[in-house]
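Overview (structure and organization)
Each chain is listed here by its residues.
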Amino acid sequence: MSGDHGHHDSQIDSGSWVNDSHKHKDKHKDKERKHKDHKKDKEREKSKCSNSEYKNLSEKKHKDKVKHKDGSLERHKDKHRDKEKRREDKSKSSSVDGKLKKEKENGFARWELSDPVTVEPPRIKSELDDDDFYPSPKHEKSLKREHDNDDYEFKPKKIKIENEKKAKKRRQEEDEEEDIKPKKKTRDRKGAGEGDGKKKAKKDPEEKWKWWEEERYTDGSKWRFLEHKGPVFAPPYDRLPSNVKLYYDGKPIKLGAQAEEVATFFAKMLDHEYTTKDIFRKNFFKDWRKEMTSEEKSKISDLNKCDFTDMSEYFKTQSEAKKQMTKEEKLKIKGENERILQEYGFCVMDNHKERIGNFRIEPPGLFRGRGDHPKMGMLKRRVRPEDIIINCSKDSTHPKAPPGTRWKEVRHDNKVTWLVSWTENIQGSIKYIMLNPSSRIKVSSTAPLHAPPGTRWKEVRHDNKVTWLVSWTENIQGSIKYIMLNPSSRIKGEKDWQKYETARRLKKCVDRLRGQYRDDWKSKEMRIRQRAVALYFIDKLALRAGNEKEEGETADTVGCCSLRVEHIRLYHEIDGQEFVVEFDFLGKDSIRYYNKIPVEKRVFKNLQLFLENKQPEDDLFDRLNTSILNKHLQELMDGLTAKVFRTYNASITLQQQLKELTCPDDNIPAKILSYNRANRAVAILCNHQRAPPKTFEKSMQNLQTKIDAKKDQLFEARRELKSAKADAKVRRDEKAKKAVEMKKKAVERAEEQLMKLEVQATDREENKQIALGTSKLNYLDPRISVAWCKKWNVAIEKIYNKTQREKFAWAIDMADDDFEF
DNA sequence: AGACGAACTTAGGATGCGACTG
DNA sequence: CAGTCGCATCCTAAGTTCGTCT
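Residues numbered from 1 in each chain as written. Chains lettered and ligands numbered in written order. Predicted model: local features only at pLDDT ≥ 70, side-chain atom pairs only at ≥ 80, totals over all residues. Heavy atoms only, no water.

Where an unreviewed UniProt entry is consulted, chain A appears under the name DNA topoisomerase I, with the organism given as Aldrovandia affinis. Recorded in UniProt under Catalytic activity (unreviewed entry), the annotation for chain A is "ATP-independent breakage of single-stranded DNA, followed by passage and rejoining." (UniProt positions renumbered as here; feature names shortened; annotations may be inferred.)

Structure below.
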């Protein structure tokens, strides 16, 4: 049986693929099974140190990275739709009524304004009735997509005490779900003295907020309070100096501001091979002409006669000059950036200041799609305030300073409770406006949010069912772009955690599902067979779902459900293997997927059937699409979709590979190499490739030089040790003994350093065309890595850099060394 | 049931920047 | 102290999924 499974070793180990009798879709039953199911994983402790397993993985699946082959099929270019028109004016969506209030505030008292000072009141939420606001339990029940446990309920602090019992129950269940693991020590450890870790105020402002110890919203809302400063716009266009010109047919032309700006976009890309491509040039020229005055238009009719080199040179000089700037100048720019970050880079969401992910609006420029993109070269328009939709809570509107005046300062300090302060002139003491102690509401920071002078937003809405702060519609594809929070934020973290919990639930029923789709290979119905074979590919090869795409609008790429006949080849026998399928197609980002794998006979026969009477450009799975597939998966397990398989298989493979590759006796660098190899196995599975770094060869050489030098040094050190020993034999005094010790240490040090370098070289070589980052960031349950680090005493910093540690703070805090995915 | 739109995750490449080196 | 190198961060395109509308 195991021979059938190509490179995907993890699956062999994590359970049989053979049918088991569980066919029912009842999730309650599922729960009962929970305990038994994954104990078996435990016993596979081995001290086997060979890397053969890893090698298997990487060798069997060799791929090339080739972006977009040419000659894509014309049939994909007929439909053209006017999307933009339809999208226009859809934005009048209902705003969620915002009798908003705060809760979950880690113990801050809820206050109300103490006296109605005549100063324009800052946004303080008025009295509200909680009953309206918090969803009733029934309501909550009906919501899906919560974290994995069924009756998770959010309750505001205030009524929390009454619900303590429920919460306890919930927690118990959570732990049960995680079964084999002992109670979460981490939580207890940290929570000690904090009484559930929830009620106490954050006395120490440095202490990081542990959102994962709090309860989640279950009413579908994403936040109660949201305030931010809006986006940072791209700097306005700066005209070229008058001596820098475009040359047309050898003659200089001074362009108007609009056409000039677009011309500079092209000039800046002149060195890029993009600008030599026909489609790029055609698209660019068409859009450029739209920006020209009629006079310019009549003069400039052939892009080939345009000479941008003068402009291009100018920009090169500019960037050179920028590099040559003095330290002070650079420091000044850095300071300014920091100021902007502090002002716009954070928002307040539910009483916590959180980092925003991308607070800058994308600047205008020429669109560069990936692969053979039909729209490459088109002008990406400048985004104006009138294009922007702001999302925030109703009660977050800013206090504007009276006309013609401004506040001394607007501060965003959510560590203090005052709203307004000033220094009085008698004692020079600071006066405050604060909240009324009886208030149940606490107000967070104030932030003026207005469109730049003379402009206005397209819309301001208050929708707490979504997580974005700012959105606009982009003009190339007509799609919506968003400003959202940073991965370290609660809102992203919770979702991430939930994703892995869903994958862990899949782990528990994956055997049943595999059994089912194997059965379905025999189905009388074509659509069922197709579904089952597609699912098999998604599971075994970690393919993406593969939605249909609008033809001619984007590069021609496919995923599982959208595979075409031309993307696979069948071999009855090849390279001594039977029933081999060869995949060759462009996937997401036009990254080539190439793989040759043996499949089971039944799959092979099915594929032959699917191919009958079809043209190369026909769909392989003509009775299937992602919607059908996902609907089916949803019936098999709550929350299951095609992409959960990728997450599951990635994470289980990491766990598996770590077990196999980690040698207890290895030193730290060798352990890290093992980790990277396990990570690499996943990256190979998920087909995460990268272009070999331009400096790869050189950097390998440098490393080799270092290794050689270290070898010499070691040789020398050994020689010295020898002579010191000899010397000690003769002299037999303390000093000589000490010298021997010293030399011994030196040898050891050199040995270790050499080893480290060699390991580094191996690692880098193996990593030439493989990108580890994507899987690490998006597919591998961080708790697996954290547990591994704890188990083998490897510092977490060796595995995750600062940003990653921020993103995975939840996992680092909660996972113990015995965590099992 | 299929088209469409919105929201959110996943992705590789470009750019920035700090540490190291010569 | 300039130049190099490698990693971190930024950027934004390209996916998936889900809900709504027809």
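So, next bit.
Quick notes on the overall build of chain A
Within chain A, the regular secondary structure consists of 25 helices and 19 strands. Buried residues in chain A amount to 49% of all 821 residues. Counting only contacts in chain A whose residues sit at least 6 apart along the sequence, the fraction spanning at least 24 positions is 76%. (Helix = DSSP H or I, 4+ residues; strand = E, 2+ residues; numbered from the N terminus. Buried < 20%, exposed > 50% of the residue type's maximum accessible area, 1.4 Å probe, protein only. Contact = heavy atoms within 4.5 Å.)

What to know about the protein's contact with DNA strand C
DNA strand C sits among 32 residues. The nearest are Arg370, Lys481, Gly546, Lys643 and Thr803. Backbone atoms, meaning sugar plus phosphate, form 90% of the atoms of DNA strand C positioned within 4 Å of the protein. Asp589 places a main-chain nitrogen or oxygen 3.1 Å from a phosphate oxygen of DNA strand C. One of the side-chain N or O atoms of Thr641 is found 2.8 Å from a phosphate oxygen in DNA strand C. Only helix H18 (642–661) and helix H20 (696–731) provide two or more residues apiece to the surface near DNA strand C. With 3 residues, the top contributor of residues to the surface near DNA strand C is H20. Taken together, the residues of the surface near DNA strand C sort by class into 4 nonpolar, 13 polar and 15 charged. (Near = heavy atom within 4 Å. Polar contact = N/O pair within 3.5 Å; in protein donor to acceptor, adjacent residues only side chain to side chain. Nonpolar A, V, L, I, M, F, W, Y, C, P; charged D, E, K, R; others polar.)

Quick word on the side chain of Thr647
As for its position among the elements, Thr647 is in helix H18. The residues touching Thr647, leaving out its near neighbours within four places in the chain, are Lys499, Tyr500, Ala503 and Tyr779.

Some points on the packing of helix H19 (residues 668–685) against helix H23 (residues 782–792)
Close contact between H19 and H23 brings their axes to 12 Å; oriented N to C, the two are set at 160°. Here H19 is positioned roughly antiparallel relative to H23, judged by the angle of their axes. Note on packing geometry: the crossing formed by H19 with H23 is right-handed. Every residue of H23 that contacts H19 at Ile668, Lys671, Ile672 and Tyr675 is listed here: Ser785, Trp788 and Trp792. Of the residues that constitute the contact of H19 with H23, the class distribution is 5 nonpolar, 1 polar and 1 charged. (Axes fitted to C-alpha atoms, helices over the stretch in contact; angles between N-to-C directions. Parallel < 35°, antiparallel > 145°, perpendicular 65-115°, else oblique. Left-handed = near helix turned anticlockwise from the far one by under 90°.)

Remarks on the sheet that holds strand S19 (residues 592–598)
The strands making up a sheet are joined through hydrogen bonds of the backbone, oriented either antiparallel or parallel. Within the open sheet, the 3 strands sit side by side as S17-S18-S19. Their pairing is antiparallel. The open sheet has two edge strands, strand S17 (568–574) and S19, and neither has a second partner. Strand-to-strand twist of the sheet, defined as the mean angle between neighbouring strand axes without regard to direction, takes the value 15°. Strand direction decides the pairing type here: S17 and strand S18 (residues 577–586), joined by 6 bridges, are antiparallel. (Pairing = 2+ DSSP bridges.)

Remarks on the protein's contact with DNA strand B
Around DNA strand B, the structure places 34 residues, and the nearest of them are Lys492, Lys588, Arg646, Thr774 and Tyr779. Among all atoms of DNA strand B positioned within 4 Å of the protein, those belonging to sugar or phosphate total 87%. One of the side-chain N or O atoms of Lys334 is found 3.3 Å from a phosphate oxygen in DNA strand B. At the level of secondary structure, the elements contributing two or more residues to the surface near DNA strand B comprise helix H4 (83–87), strand S16 (480–483), helix H14 (490–520), H18 and helix H22 (773–778). Here the surface near DNA strand B gets 3 residues from one element, more than from any other, and that element is H14. Class assignment of the residues belonging to the surface near DNA strand B gives a composition of 8 nonpolar, 7 polar and 19 charged.

Quick look at the confidence of the model for chain A
Per-residue confidence for chain A gives a mean pLDDT of 75; residues scoring 70 or more make up 68%. Every residue in residues 1–205 scores below 50 in pLDDT, and together they form 440 contacts with partners more than four places removed in sequence or on other chains. Scored below 50 in pLDDT, residues 398–448 makes 127 contacts in the model with residues more than four places away or belonging to other chains. (pLDDT = per-residue confidence, 0-100.)

Side note on the pairing of strand S7 (residues 352–355)
Side chains of S7 alternate between two faces, with His352 and Glu354 buried and Lys353 and Arg355 left unburied. Bridge count for strand S6 (residues 346–349) against S7 is 4 bridges, and the pairing is antiparallel. Paired with Val348 across the two strands is Lys353, which belongs to S7. With antiparallel pairing between neighbouring strands as the criterion, S6 and S7 make up a hairpin whose turn holds 2 residues, including Asp350 at a positive phi of roughly 45°.

Some remarks on the nonpolar core
One finds Leu506, Phe537, Phe583, Leu607, Phe621 and Trp810 to be the most contacted residues of the largest nonpolar core, which totals 78 residues. With 9 residues, the single largest contributor to this core is H18. Contact partners of Leu607, with chain neighbours within four places excluded, come to Val533, Phe537, Ile568, Leu570, Val581 and Leu620. (Core = buried A, V, L, I, M, F, W, Y, C linked by side-chain atoms within 4.5 Å.)

Here's the deal with the sheet that holds S6
The 3 strands are arranged S2-S6-S7 in an open sheet whose pairing can be described as antiparallel. At either end of the open sheet lies a strand with only one pairing partner, and these are strand S2 (226–227) and S7.

A word on the packing of aromatic side chains
Counted under the stated rule, the structure contains 27 aromatic pairs. By the ring-pair criterion, three or more aromatic residues cluster together here, those being Tyr517, Trp521, Tyr536, Phe537, Phe583, Phe585, Tyr593, Phe610 and Phe621. In this structure, Arg216 is placed above the aromatic ring of Trp497, and the distance from its NZ or CZ to the ring centre is 5.0 Å. The ring of Phe315 carries Lys268 above its face, with NZ or CZ at 4.7 Å from the centroid. (Phe/Tyr/Trp six-rings, centres within 6.5 Å; stacked < 30°, edge-to-face > 60°. Lys NZ or Arg CZ within 6 Å of the ring centre and 35° of its normal.)

Regarding the UniProt feature "coiled-coil region" (unreviewed entry) in chain A
The UniProt entry lists residues 700–767 under the feature "coiled-coil region" (unreviewed entry), expressed in the numbering used here. Each end of residues 700–767 is marked by a C-alpha atom, and these two atoms are 12 Å apart; helix forms 96% of the span and strand 0%.

Notes on unusual backbone geometry
In terms of backbone geometry, most residues other than glycine have negative phi values and most peptide bonds are trans. The phi dihedral of Asp249 is positive, around 55°, even though this residue is not glycine. By the secondary structure assignment, Asp249 is in the loop between strand S3 (246–248) and strand S4 (251–253). Although it is not a glycine, Ser590 sits at a positive phi angle of roughly 60°. Tracing the chain through its elements places Ser590 in the loop between S18 and S19.

Observations regarding the packing of helix H9 (residues 257–268) against helix H12 (residues 309–323)
The relative placement of two packed helices is expressed as an angle between their axes plus a distance between the axes. At a minimum axis distance of 9 Å, the contact between H9 and H12 shows a crossing angle of 75°. When the axes of H9 and H12 are compared, the pair comes out roughly perpendicular. Here Glu260, Ala263, Thr264, Ala267 and Lys268 of H9 come into contact with H12, specifically with Met311, Ser312 and Phe315.

So, the environment of Ala709
The residue Ala709 is located in helix H20 in this model. Distance in space between the C-alpha atoms of Ala709 and Arg805 is 35 Å, their sequence separation being 96 residues.

Overview of the pairing of strand S15 (residues 470–473)
For strand S10 (residues 389–391) and S15, the ladder comprises 2 bridges, and the chain directions are antiparallel. Among the inter-strand pairings, Ile389 is bridged to a residue of S15, identified as Ser471.

Quick look at the side chain of Gln804
Here Gln804 shows up in helix H24 (residues 802–807). Among residues more than four places away in sequence, those in contact with Gln804 are Lys776, Leu777 and Ile799.

A few points about the pattern of salt bridges
Pairing between side chains of opposite charge can happen when the charged atoms of each approach one another. Scanning all chains against the criterion turns up 48 salt bridges. Note that Arg461 is salt-bridged to Glu459, the shortest N-O span being 3.0 Å. Judged on exposure class, the residue Arg461 and its partner Glu459 are both buried. Note that Lys659 and Glu820 form a salt bridge whose closest N and O atoms lie 3.4 Å from each other. Note that Lys659 is positioned in helix H18 and Glu820 in the segment after helix H25 (809–814), a separation of 161 residues in sequence. Here Lys659 falls in the buried class, since its relative accessible area comes to 18%. Among the charged side chains, a salt-bridge network with shared partners connects Lys229, Glu336, Arg339 and Glu343. (Salt bridge = Lys/Arg side-chain N within 4 Å of Asp/Glu carboxyl O.)

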